[in-house]
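# Geometric and topological summary
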Amino acid sequence: MPELLCTDLDRTLLPNGEQAESPNARAMLASLIERAGMRLAYVSGRDIGLMQQAIDEYQLPMPDFAITDVGSMIYQRSDDGYQPLAAWVSYLQAGWPEQNADWLARELGDFAQLELQEPARQKPFKLSYQVSPAAELTNELGILKQRLASVPYAVNVVSSIDETADQGLVDLLPANAGKRAAIDFLVMELHLKADKVFFSGDSGNDLDVLASPYPAVVVKNALPEVVQQAKRLSKHQNVEQQLWVAQGDESLGLNGNYSAGIIEGLLHFYPQLRRWLTVEQRAE
């Protein structure tokens, strides 16, 4: 049985892409998490405020942990709200000067097409850029990486595509940050084994977790190139058996998109969970 469910939000748990959501899939997933006693972690590019907005708007279960800002912050929920995980902050500060990203923006200078995202998206451990159209991302990444070669600190470059806005997104983090790094840190803090941790995602910034020792599902509505990259990387890492690509489960009336894909992945790796999905639940 999984003890910790980690999931991306936008276009993974949140049905805010172009594809249709299975009716009742979010409610089924929430009930499954509660009945199985899983702890829940949201893993997102959103900051903590935007994450809470999504929770309210889509009536999501409250998470036990929030990994935000593309894996550059970890919060634990308490009676007083969300508190930063102090051990994680200390861990990142050692390799990130001045504890903010302004220095990196100054080092890199201006780009012809790559633009800084709005100030609210810039965080102490994250510098974020965007480019439109998304087809320009590959070329701009090449230029960015050339400039990063002269920066005296190691930087993790995380890229993805927002297909709904036709934008390429780039986040620059400390070398020891990112979604996979943050989940690894949390798993270590909770003293969990890899097979007790489940992950679901859909985009480029999820790839390092999709191709990891953790059982993972890429939801059906993911871009085809993300699916192919996830398959290729998981094979290269010799963890292809830990990746499931959602296709839909007709027996449960699930189309594989968003929450339906998460449920499908859970049932693939942990078939004993199926007993919680009763006929009464499916009819709700």
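Whatever comes next refers back to the structure up there.
Conventions used here
Residues numbered from 1 in each chain as written. Predicted model: local features only at pLDDT ≥ 70, side-chain atom pairs only at ≥ 80, totals over all residues. Heavy atoms only, no water. Helix = DSSP H or I, 4+ residues; strand = E, 2+ residues; numbered from the N terminus. Buried < 20%, exposed > 50% of the residue type's maximum accessible area, 1.4 Å probe, protein only. Polar contact = N/O pair within 3.5 Å; in protein donor to acceptor, adjacent residues only side chain to side chain. Contact = heavy atoms within 4.5 Å. Phe/Tyr/Trp six-rings, centres within 6.5 Å; stacked < 30°, edge-to-face > 60°. Lys NZ or Arg CZ within 6 Å of the ring centre and 35° of its normal. Salt bridge = Lys/Arg side-chain N within 4 Å of Asp/Glu carboxyl O. Axes fitted to C-alpha atoms, helices over the stretch in contact; angles between N-to-C directions. Parallel < 35°, antiparallel > 145°, perpendicular 65-115°, else oblique. Left-handed = near helix turned anticlockwise from the far one by under 90°. Pairing = 2+ DSSP bridges. 1 Å grid on protein atoms, 1.4 Å probe; cavity = no way out; pocket = protein on both sides within 12 Å on 5 of 7 lines; lining within 4 Å. Points joined across faces, edges and corners; volume = space filled by probe spheres on them. Nonpolar A, V, L, I, M, F, W, Y, C, P; charged D, E, K, R; others polar. Core = buried A, V, L, I, M, F, W, Y, C linked by side-chain atoms within 4.5 Å.

Time to look at the side chain of Ser 234. Looking at the secondary structure, you find Ser 234 in helix H8 (residues 224-236). According to the relative accessible area criterion, Ser 234 is buried, its value standing at 1%. Reaching out from Ser 234, the side chain makes a polar contact with the backbone oxygen of Ala 230 at a distance of 2.9 Å. Those residues within four positions of Ser 234 in sequence are excluded, and the remaining contacts are Leu 210, Ala 211, Val 239, Glu 240 and Leu 243.

Turning our eyes to something else, we now look at the packing of aromatic side chains. Using the criterion set out here, one finds 8 aromatic pairs in the structure. With 5.2 Å between their ring centres and 65 degrees between their planes, Trp 88 and Phe 185 make a pair best called edge-to-face. Of this pair, Trp 88 sits in helix H3 (residues 86-93) while Phe 185 sits in helix H6 (residues 179-190), and the two are 97 residues apart along the sequence. Classification of Trp 88 by relative accessible area gives buried; the value is 0%. Ring centres of Trp 96 and Trp 103 lie 5.2 Å apart, and the angle between their planes is 70 degrees; this geometry places the pair in the edge-to-face category. On the accessibility criterion, Trp 96 (1% relative accessible area) is buried. A residue is classified by how much of its surface remains accessible, and Trp 103, at 6% relative accessible area, is buried. Its guanidinium or amino end placed over the ring of Phe 111, Arg 147 lies 4.0 Å from that ring's centre, counting from NZ or CZ.

As enumerated under the stated definition, the model contains 10 salt bridges in all. A salt bridge links Asp 47 to Lys 123, with the nearest nitrogen and oxygen atoms 3.0 Å apart. Taken as a pair, Asp 47 in the loop between strand E2 (39-43) and helix H2 (48-58) and Lys 123 in the loop between strand E6 (115-116) and strand E7 (127-131) lie far apart in primary sequence, 76 residues in all. For the salt bridge of Asp 249 with Arg 274, the shortest nitrogen-to-oxygen distance reads 3.4 Å. Separated by 25 residues along the polypeptide, Asp 249 in the loop between strand E12 (243-245) and helix H9 (259-269) and Arg 274 in the loop between H9 and helix H10 (279-283) bring together distant segments of the chain. Shared partners join several salt bridges into a network, and the residues in it are Asp 8, Lys 179 and Asp 206.

For the rest of this paragraph, the subject is the packing of H3 against H6. Running from N to C, H3 and H6 point in directions that differ by 130 degrees, and their axes come no closer than 11 Å. Considering the angle they form, H3 stands oblique to H6. For the pair H3 and H6, the sense of crossing is right-handed. Mapping the contact onto sequence places Ala 87, Trp 88 and Tyr 91 in H3 and Ala 181, Ala 182 and Phe 185 in H6.

The next subject is the sheet that holds E12. Taken in spatial order, the 8 strands of this open sheet run E5-E4-E3-E2-E1-E10-E11-E12, and their pairing is mixed. Whereas interior strands pair on both sides, the edge strands pair on one side only; in this sheet they are strand E5 (81-84) and E12. Across the sheet, the mean angle separating the axes of adjacent strands is 20 degrees when strand polarity is ignored.

Positionally, Asp 206 belongs in the loop between strand E10 (197-201) and helix H7 (207-210). Separated by 2.6 Å, the side chains of Asp 206 and Lys 179 make a polar contact. Beyond its immediate sequence surroundings of up to four residues, Asp 206 is in contact with Asp 8, Lys 179, Phe 199 and Gly 201.

In this model, the largest pocket occupies a volume close to 870 Å³. As for the largest pocket, its lining consists of 38 residues, of which Arg 11, Ser 160, Ile 161, Leu 169 and Asn 205 are closest to the centre. Counting residues per element, the ones that place at least two in the lining of the largest pocket are helix H5 (137-148), strand E8 (155-162), strand E9 (167-174) and H8. Here the lining of the largest pocket takes 6 residues from E8, the largest share from any one element. Residue composition of the lining of the largest pocket, grouped by class: 12 nonpolar, 12 polar and 14 charged.

Let us now look at unusual backbone geometry. Following Ser 132, the chain continues to Pro 133 via a peptide bond in cis, the omega torsion being -5 degrees. Tracing the sequence through the fold places Pro 133 in the loop between E7 and H5. One non-glycine residue, Arg 11, lies in positive phi territory at about 65 degrees. One can find Arg 11 in the loop between strand E1 (4-7) and helix H1 (25-36).

So, on to the nonpolar core. The biggest cluster of nonpolar side chains holds 92 residues, and the ones touching the most others in it are Leu 104, Leu 108, Leu 172 and Ile 183. In contact with Leu 172, other than residues within four places in its own chain, are Trp 96, Leu 104, Leu 108, Phe 125, Lys 126, Leu 127, Tyr 129, Leu 144, Leu 148, Val 155, Asn 156 and Val 157.

The 4 strands are arranged E6-E7-E9-E8 in an open sheet whose pairing can be described as antiparallel. The open sheet terminates on both sides in strands that have one partner only, identified here as E6 and E8. Relative to E9, E7 runs antiparallel, the two being bridged by 5 bridges. Within E9, the position partnered with Gln 130 by the bridge is Leu 169. Across the sheet, H5 is in contact with E7, E8 and E9; its angle to E8 comes to roughly 170 degrees.

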